[in-house]
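Per-entry structural report
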Amino acid sequence: MEQKIHQGRNVKRFREMLGVKQEALAYDLGEEWTQKKISMLEQKDVIEDNLLKQISNSLRIPVEAFQNFDEEQAINIISNTFDNGAFLNTGNGAIFNVNPVEKWIEALEEIKRLNTELLKAKDEHIKALEKVVKEK
């Protein structure tokens, strides 16, 4: 039996990995959005394509990530790739000592760092716009 991908749950996963609160996503999506609407959205199996595109732009994550990410498949890939979670055998005789949890944490830290930079740039842009508005 084929497992269906839950797009709302994927939005929630990626939003949380980036450290973005529901309120912040609602703010980015526009005036008609609230924290409660985001919560309800994250419960939906399928999200309209145009809305996924807006969320994609806000979180800076490809639409395909929301449409295709399957946690069970990801776990299976990790399980089949790593030998007891410690070694990666490339098949050509080279074996690398790899800790998948550390790699995952490193990736999350990089995502957080990039998100912080984006927020800082956004704040600077807002300050510059406020300055222009005050001058007029």
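Please refer to the structure higher up on the page.
Residues numbered from 1 in each chain as written. Predicted model: local features only at pLDDT ≥ 70, side-chain atom pairs only at ≥ 80, totals over all residues. Heavy atoms only, no water.

With that settled, the discussion passes to the overall build of the chain. Secondary structure assignment for the chain yields seven helices and three strands. Evaluated residue by residue, the chain yields a buried proportion of 26% over its 136 residues. For the chain, restricting intrachain contacts to residue pairs at least 6 apart in sequence, the fraction spanning at least 24 positions comes to 54%. Accessible surface for the chain amounts to roughly 10200 Å². Of this, 54% is attributable to carbon and sulfur atoms. (Helix = DSSP H or I, 4+ residues; strand = E, 2+ residues; numbered from the N terminus. Buried < 20%, exposed > 50% of the residue type's maximum accessible area, 1.4 Å probe, protein only. Contact = heavy atoms within 4.5 Å. Areas by Shrake-Rupley, 256 points an atom, 1.4 Å probe, with all protein chains shown as cover.)

Below, the discussion takes up the packing of helix H1 (residues 7-17) against helix H4 (residues 49-59). Running from N to C, H1 and H4 cross one another at 10°; their axes reach a closest spacing of 11 Å. Our classification of the angle between H1 and H4 gives roughly parallel. Residues Gln7, Val11 and Arg15 of H1 form the contact with H4, whose own contacting residues are Leu52, Ile55 and Leu59. (Axes fitted to C-alpha atoms, helices over the stretch in contact; angles between N-to-C directions. Parallel < 35°, antiparallel > 145°, perpendicular 65-115°, else oblique.)

Our next topic: the packing of aromatic side chains. Within the structure shown, the criterion is met by two aromatic pairs. Both rings, one in Phe14 and one in Phe66, keep their centres 5.7 Å apart while their planes meet at 85°; by these two values the pair is edge-to-face. You can see Phe14 sitting in helix H1 and its partner Phe66 sitting in helix H5 (residues 63-68), a full 52 residues away along the chain. Each member of the pair, Phe14 as well as Phe66, carries the same accessibility label: buried. Where Phe14 meets Phe69, the ring centres are 5.6 Å apart and the plane angle is 70°; that geometry is what we call edge-to-face. Residue Phe14 is located in helix H1, and its partner Phe69 is located in the loop between H5 and helix H6 (71-81); the two are separated by 55 residues in the primary sequence. Grouping aromatic residues by their ring pairs yields a cluster made of Phe14, Phe66 and Phe69. It is Lys37 that lies over the ring of Trp33; its NZ or CZ is 4.5 Å from the centre. (Phe/Tyr/Trp six-rings, centres within 6.5 Å; stacked < 30°, edge-to-face > 60°. Lys NZ or Arg CZ within 6 Å of the ring centre and 35° of its normal.)

Time to look at the nonpolar core. Residues Val11, Leu25, Trp33, Ile55, Leu59, Ile61 and Phe66 are the most contacted members of the largest nonpolar core, which totals 21 residues. Broken down by element, this core gets its largest block of residues, four residues, from H4. Leu59 has contacts with Val11, Arg15, Leu18, Val20, Leu25 and Phe66, leaving out every residue within four places of it along the chain. (Core = buried A, V, L, I, M, F, W, Y, C linked by side-chain atoms within 4.5 Å.)

In this section: unusual backbone geometry. Of note in this structure, Arg60 is not a glycine but carries a positive phi near 60°. Turning to its location among the elements, Arg60 is positioned in the loop between H4 and H5.

Let's shift gears to the pattern of salt bridges. The final tally for this structure, using the stated rule, is seven salt bridges. Salt-bridge contacts for Asp28 lead to Lys122; the nearest nitrogen and oxygen are separated by 2.7 Å. Of this pair, Asp28 sits in helix H2 (residues 22-29) while Lys122 sits in helix H7 (residues 100-135), and the two are 94 residues apart along the sequence. Classification of Asp28 by relative accessible area gives partly exposed; the value is 36%. For Glu110, the salt bridge goes to Arg113, with nearest N and O atoms at 2.6 Å. With Glu110 and Arg113 both in helix H7, this residue pair falls three residues apart, about one helical turn. In the salt-bridge network here, residues are joined through shared partners; they are Arg15, Glu16 and Glu42. (Salt bridge = Lys/Arg side-chain N within 4 Å of Asp/Glu carboxyl O.)

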